[in-house]
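Each chain, letter by letter, is given below.
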Amino acid sequence: MTAPLNHPLPLLELDVLRTFVAIAETGSFTAAASAVFRTPSAVSMQIKKLEDTLRCTVFTRDARSVTLTTDGEMLLGYARRLLAINRDAVSKFVVPDVSGVVRLGSPDDFGERILPKVLKRFAKSHPSVAVDVVIDQSSNLRERMRRGELDIALYTACRNVPQDADVILNEPIVWAGAKGGNAFMRKPLPISVWEEGCAWRADALEALGESGLEYRIAYMSAHTAGQRAAILADLAVAPLPRSFVGDDIVALGPEHGLPQLSCYNLCMQLVSEASAPARAAAEHLRATMETLHEAAA
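Everything in this summary refers to the structure shown in the same document. (Residues numbered from 1 in each chain as written. Predicted model: local features only at pLDDT ≥ 70, side-chain atom pairs only at ≥ 80, totals over all residues. Heavy atoms only, no water.)

Further remarks concern the pairing of strand β11 (residues 263-270). Among the 8 residues in β11, 6 count as buried, and that is most of the element. One ladder, built from 6 bridges, connects strand β5 (residues 152-157) with β11; its direction is antiparallel. Each residue of the ladder has a partner; that of Ala-157, found in β11, is Asn-265. In this sheet, β11 lies alongside strand β6 (residues 165-178) in antiparallel orientation, the contact comprising 7 bridges. Bridge pairing links Pro-172 to Cys-263 in β11. (Buried < 20%, exposed > 50% of the residue type's maximum accessible area, 1.4 Å probe, protein only. Helix = DSSP H or I, 4+ residues; strand = E, 2+ residues; numbered from the N terminus. Pairing = 2+ DSSP bridges.)

A word on the environment of Arg-186. Assignment of secondary structure puts Arg-186 in the loop between β6 and β7 (189-193). Discounting residues that sit within four places of it in the chain, Arg-186 has contacts with Asp-234 and Leu-235. Here the side chain of Arg-186 touches Asp-234 through a polar contact of 3.0 Å, landing on its backbone oxygen. (Contact = heavy atoms within 4.5 Å. Polar contact = N/O pair within 3.5 Å; in protein donor to acceptor, adjacent residues only side chain to side chain.)

Right, let's get into the nonpolar core. One finds Ile-152, Leu-154, Trp-175, Trp-200, Val-237 and Leu-240 to be the most contacted residues of the largest nonpolar core, which totals 46 residues. Setting aside anything within four residues of it in sequence, one finds Trp-200 in contact with Asp-109, Thr-156, Ile-173, Trp-194, Pro-239, Leu-240, Pro-241, Phe-244 and Tyr-264. (Core = buried A, V, L, I, M, F, W, Y, C linked by side-chain atoms within 4.5 Å.)

A few words on the pattern of salt bridges. Close approach of charged atoms lets side chains of opposite charge pair. Counting across every chain of the model gives 15 salt bridges. Between Arg-61 and Glu-51 there is a salt bridge whose closest N-O contact spans 3.5 Å. One end of the pair, Arg-61, is in strand β1 (residues 59-61); the other, Glu-51, is in helix α3 (residues 40-54), with 10 residues separating them in the sequence. Given the relative accessible area of 44%, Arg-61 is considered partly exposed. Between Glu-283 and Arg-286 there is a salt bridge; the shortest N-O distance is 2.4 Å. Taken together, the residues span about one helical turn, with Glu-283 and Arg-286 both in helix α10 (residues 276-296) at a distance of 3 residues. Residue classification places Glu-283 among the partly exposed positions, given a relative accessible area of 34%. (Salt bridge = Lys/Arg side-chain N within 4 Å of Asp/Glu carboxyl O.)

Where helix α1 (residues 14-26) contacts α3, the axes come no closer than 10 Å and their chain directions differ by 110°. What the angle tells us is that α1 and α3 run roughly perpendicular. Between α1 and α3, the contacting residues are Asp-15, Val-16, Leu-17, Thr-19, Phe-20 and Ile-23 on the first element and Val-43, Gln-46, Ile-47 and Leu-50 on the second. For the contact of α1 with α3, the class distribution of residues is 7 nonpolar, 2 polar and 1 charged. (Axes fitted to C-alpha atoms, helices over the stretch in contact; angles between N-to-C directions. Parallel < 35°, antiparallel > 145°, perpendicular 65-115°, else oblique. Nonpolar A, V, L, I, M, F, W, Y, C, P; charged D, E, K, R; others polar.)

Here we come to the packing of aromatic side chains. Using the criterion set out here, one finds 4 aromatic pairs in the structure. When the centroid spacing of 5.9 Å and the interplanar angle of 80° are considered together, the rings of Trp-200 and Phe-244 count as edge-to-face. Of this pair, Trp-200 sits in helix α8 (residues 199-211) while Phe-244 sits in the loop between β9 (238-241) and β10 (249-252), and the two are 44 residues apart along the sequence. Judged on exposure class, the residue Trp-200 and its partner Phe-244 are both buried. Centre to centre, the rings of Trp-200 and Tyr-264 are 5.3 Å apart; their planes meet at 75°, and the pair counts as edge-to-face. A residue pair is termed long-range when its members are at least 10 positions apart, and Trp-200 in helix α8 and Tyr-264 in strand β11 qualify at 64 residues. Of the two residues, Trp-200 and Tyr-264, both sit in the buried class. (Phe/Tyr/Trp six-rings, centres within 6.5 Å; stacked < 30°, edge-to-face > 60°.)

Our next topic: helix α7 (residues 138-146). When α7 is considered as a whole, its buried residues turn out to be Ser-138, Leu-141 and Met-145. Down the axis, α7 shows its buried residues gathered within 55° of arc, on one side only. Residues of α7 that are buried sit in contact with β3 (100-106), β4 (129-135), β5 and β11. One or two steps after α7, the chain reaches Gly-148, where phi turns positive at roughly 80°. (Arc of directions from axis to C-beta.)

Purely geometric numbers; function is a separate question.
If you want it as structure tokens, here you go:
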């Protein structure tokens, strides 16, 4: 029902929107409660309040999962945009004078595609903060974080997201192949994967094992450029995020005889007792990912 023109529209609370986004990204009220430092019952009350305010249902819930309704999908875009604007506005006034060094670890794929944009924007808003970047495998980055060698670690995980990490991106994994290629038709299936410890590799091998499809590892590289080279040469297919698909690389799936893959999470872990520069960089990463996610949507 549309509110009368002379009646003020209700305001959406940012804390409630933050909880809503956390549930949408984790697919769980319990996991979201941990992410926003609230109890599950408090999270449920926030969502009920949100649904009462908007007069619609934003989540469909059953015993196993939580999914967005059509209205929820629409709200998610607005929520991410509002949270990103809020973080951007606050950062202009609260942290412009922060200075120091931030040790940031990132996996190769994120470091190649997105990190340059993030660092460019961060340098403009925080010119007195230097960022030392380490590119490594996700498993190694988590170990570096454990040893205290990093202030912020970005790493991928398909399942079992650590409680002390935030999910800043959730994206489907697809089989990627050369446009017009036929590698997916060969027997056994030639695949290109990363080394042990890669979340995409683990998900792909598990899916192949469950499907019973015969395969062989035809190409192995720890770098995105190497993976793309194998795909473009039609030497193999590879498990990649959907955002990697485009131009001469296409997404393949069950319609091509390949097993369905799941989603992966890009996690961000901030060191305990983080410095002001590290906290500023972490907030900037969150805001940038929300903005990029909204633009993609």
